[in-house]
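# Structure assessment
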Amino acid sequence: MAKTDKFPRLLNLVMLLLDTRKPLSLDEIARRVGGFPDSPAARHKAFERAKKELRELGIPIVTHQIPGVEQFGYQIDKSDMIIPDLRFSNDEASSLAAASAMVSFGGGEGETALQKLGCVVSGQDATVASIPSHPALFRLFEAMAARKVVLFTYRSKLRNLDVYGISFRWGNWYLLGNERESGLVKTFLVNRIESEVEITGIDSLERPGDFDISSRLPKNRWEIGEGDLVTVRVLVHPDVAPLVSYELGGQGAAEWRPDGSLVVSIKIADSGSFFDWLLSNFDKAVLLEPRPLVAELVAYLNQMLSVPETQVRDSVASQFKQDNPGGGEDVFNALSVGNSPDPISADKADGGRSDLRSATAMYSVLVKILPWLARKKSTTVVEISKTFGITDSEVIRLLEVAACCGLPPYTPDSLLEIIVEDDGTVDSFIDMEIITSPRKLTTLEAMVLATTALVALKVPGIHQDQYLLSALAKLKKSLSKFDVAVSEVDVGMEEPYFLKDLRTAANERRSVEITYFSSSSERVSTRQVDPYQLFTESGRWYLRGFCHLTDEIRHFSLGRIISCELTDGGFDLPESELERIAGGDIPSAFGGAGESVVLAIPAGSGWLVERLVASPRLLAEIQEFEVYGFQSSSTAWLSRVLVRLGPSAFIVFPLHLRQLREDAVRTLLDMYS
């Protein structure tokens, strides 16, 4: 079914299930909404897919038992979906807006929430933190609020869990709780949950009074696992030995050798997380013992050589070229992968090709536009484009589809009344009650606002903002079912070794001299840098600044700075940087403006790409794979990414990089031969 048909079906479905006073059977929904397949099996499959997509957008469809042949009816309960108006003062709302300008979290829910509250992010504060979201978070927060046991599949086993809390560490979300099968308190990586999170009707156990989320997780991610702790010894190259020493912070035994290399002894429980860390250092770190773990690592590397991927890769590449006009190896260059260009200029350049590639993406943008449009009454296509960051053609496309949506029987008086004039003027007469209650938040939006406030309060200078503290307290107090979730969430921000010095240098506009290990060139160099902006991405800190060695603006991972000294030299922040920071722009940390790469990875594993790569763009879903495009700053950087992604990921284009992973793996295997 075409995506252009699926989008209005999704919108009409939400409006119908919000408007109905009684649960509707699937047969009645299909008859009144239209667009569903005729076959009962195909219809049920399409509806279940729509339920999943809406749940990920924070809109739960409730199932009820009803009389009749179908036995089940469906409805969207506004009391579950909507949180009452919290009546923030102007100062509280402004503080929340400022916090949202500083902290990027989720898929735009915070921005939507602020728009519902009548706030506009001022953009006067630099964005300093980017925290990834995940669809399962909404279900987990909902379960915590309802005090219900959750059911999901993890490492191929079905788990029943009493949720005790959620913690953000090392760029990932972790779920902590009592596993009923074993009776043990365990930790699960949210991204590795293999199924939908099901909220059962079973009441959850009370969290122990002495359970402290912030201290429950160990010092390192490789200590999280279900096996016994094993001591490993790693030899670290002199180039990166100081970095590993800073990272471990005195954990485990450390033996410095005369040549500057370092042997560290650490305890691990999860070999997968440990291998990921080890391979992030590529050939600069060698596993010495225990021998069984060395054998496991060698087997893992050999697996990357033995996987018969050629036929699969060629099949995916062939299908990809068929679906994307242009064909040949140049197809990936035509897709503008990596950092997206300005949306308006992109609209002109590509003839209006849309970046809203799915019905859910179209819906999530439209539901932000409609409340804003309802209040504005009259505006222009250009203003909507600039406000919501989509192209002019996408604005017109969304509004044209929305104008054809409404409630059964879809007569002119029951449709959304939106008029787009030839000169680009947009007039609207929308009753927002048929979509959602105005100035009220969904649970997910409130969760994002609260989490944003919690992260912002960790930033020096903001931690004593009384209005932000008041707004957060109001969120906790007024949202009885959400208060549980807020109190059981812990967001940790790493504190790199030189963060304090660099923050001082950036605030005082003083240059610094740093010794730096570059992940692109794999070389150590000393350079003078003017620190423009400090920011985080996925929980790690980065520096954007002018590098006098390369005579250009560069990004530096604070975790790769070997030494740092403040100089007496000062600098002026360029006007372009002032405007960028004032606009709330957060730089992209990984990768760079290098070669375009198209990579395939098994469906459901895309979070691995998003963790390692800057602004990856999902280009297609082919067979059982998700196809991503991104920019590679160097072959050295890309080699590390490929070995960390594992044997199931492979390069589709360009052709000359297909051999890169094999070459990288053979380099590593030579170290253990």
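Here goes a summary of the coordinates provided. Every residue gets a number counted from 1 within its own chain, in the order that chain's sequence is written. Only residues with pLDDT of at least 70 are given local features in this predicted model, and only at 80 or more are side-chain atom pairs given and counted; all residues enter the totals for whole chains, interfaces and linings. The side-chain numbers reported here are obtained from all heavy atoms of the structure, hydrogens and water having been left aside.

## Digging into the overall build of the chain
A run of H or I in DSSP counts as a helix once it spans at least four residues, and a run of E counts as a strand once it spans at least two, with each numbered from the N terminus. Broken down by element type, the chain carries 24 helices and 28 strands. Each residue is placed in one exposure class: buried if its accessible area under a 1.4 Å probe, protein chains only, is under 20% of its type's maximum, exposed if it is over 50%, and partly exposed if it falls in between. Out of the 673 residues belonging to the chain, those deemed buried represent 52%. A separation of at least 24 residues holds for 68% of the contacts in the chain among residues at least 6 apart in sequence. A 1.4 Å probe and the Shrake-Rupley method give the accessible areas. Residues count as covered only by the protein chains that appear here. In the form shown here, the chain has an accessible surface area of approximately 29,700 Å², with 48% of it arising from carbon and sulfur atoms. By definition, residues are in contact when any of their heavy atoms lie within 4.5 Å.

## Structural notes on the packing of helix α15 (residues 381–388) against helix α16 (residues 392–402)
A fitted line through C-alpha atoms represents every axis, and for helices the fit uses only the stretch in contact; the resulting angles, taken between N-to-C directions, go from 0 to 180 degrees. Two elements in contact, α15 and α16, have axes separated by 9 Å at closest approach and are oriented at 105°. It follows that α15 is roughly perpendicular to α16 by the angle criterion. Between α15, through V381, V382, I384 and S385, and α16, the contact on the second element is made entirely by D392, V395, I396 and L399. Polarity classes work like this: nonpolar for Ala, Val, Leu, Ile, Met, Phe, Trp, Tyr, Cys and Pro, charged for Asp, Glu, Lys and Arg, and polar for all others, with Gly in that last group. Class assignment for the residues of the contact of α15 with α16 results in six nonpolar, one polar and one charged. Oblique is the label for any angle not covered by the other classes, which are roughly parallel (under 35 degrees), roughly antiparallel (over 145) and roughly perpendicular (65 to 115).

## Notes on helix α9 (residues 241–248)
Buried within α9 we find A241, P242, L243, V244 and L248. Here the buried face of α9 lies against β11 (230–236), β12 (253–256), β13 (262–268), α10 (271–280), β20 (510–517) and β24 (561–570). One or two residues past the end of α9 sits G249, with phi positive at roughly 55°.

## Points about the nonpolar core
Residues grouped as a nonpolar core are buried Ala, Val, Leu, Ile, Met, Phe, Trp, Tyr and Cys residues, joined through side-chain atoms within 4.5 Å. Counting residues in hydrophobic clusters, the biggest one holds 49 residues, and the most contacted among them are L175, L638 and L645. It is helix α7 (residues 135–146) that contributes the most residues to this core, six residues altogether. Sequence-distant contacts of L638, defined by excluding residues within four places in its chain, comprise V597, F630, S632, I651, L657 and L660. Core analysis: the next-biggest nonpolar cluster, separate from the first, contains 44 residues, L366, I369, V381 and I418 among them.

## Side note on unusual backbone geometry
The amide bond that connects E289 to the next residue, P290, takes the cis arrangement and shows omega of 10°. Tracing the chain through its elements places P290 in the loop between β14 (285–289) and α11 (291–306). For the peptide bond that leads from F653 to P654, omega is -5°, which places it in the cis range. For P654, the position within the fold is in the loop between β28 (650–653) and α24 (660–671). If you check the backbone angles, S156 has positive phi at about 65° while not being a glycine. Summarising the element assignment, S156 is placed in the loop between β6 (148–154) and β7 (157–169). On the basis of relative accessible area, S156 is assigned to the exposed category, the value being 68%. Unusually for a residue other than glycine, R509 sits at a positive phi of about 55°.

## Topic: the sheet that holds β28
Being paired, for any two strands, means DSSP has found at least two bridges between them. Reading across from one edge, β26-β27-β25-β28 is the order of the four strands in this open sheet, with antiparallel pairing throughout. In this open sheet, the two edge strands, each paired with only one partner strand, are β26 (617–622) and β28. Across this sheet, the average inter-strand angle for adjacent strands is 35°, counted without regard to direction. Judged from the eight bridges that link them, strand β25 (residues 595–602) and strand β27 (residues 625–632) form a sheet pairing that is antiparallel. Pairing of V598 across the sheet is with G629, part of β27.

## Focus: empty space enclosed by the protein
Grid points spaced at 1 Å and placed over the protein atoms alone form the basis of the search, with a cavity being a set where a 1.4 Å probe fits but cannot get out and a pocket an open set showing protein on both sides within 12 Å along at least five of seven lines. Lining residues have an atom within 4 Å of a point. Grid points are joined across faces, edges and corners, and a volume is the space filled by probe spheres set on the points. In total, this model carries three cavities of 30 Å³ or more according to the counting rule given. A volume near 40 Å³ is recorded for the largest cavity. Forming the walls of the largest cavity are V240, S280, N281, K284, F517, E522, R560 and R640. Split into classes, the residues belonging to the lining of the largest cavity amount to two nonpolar, two polar and four charged.

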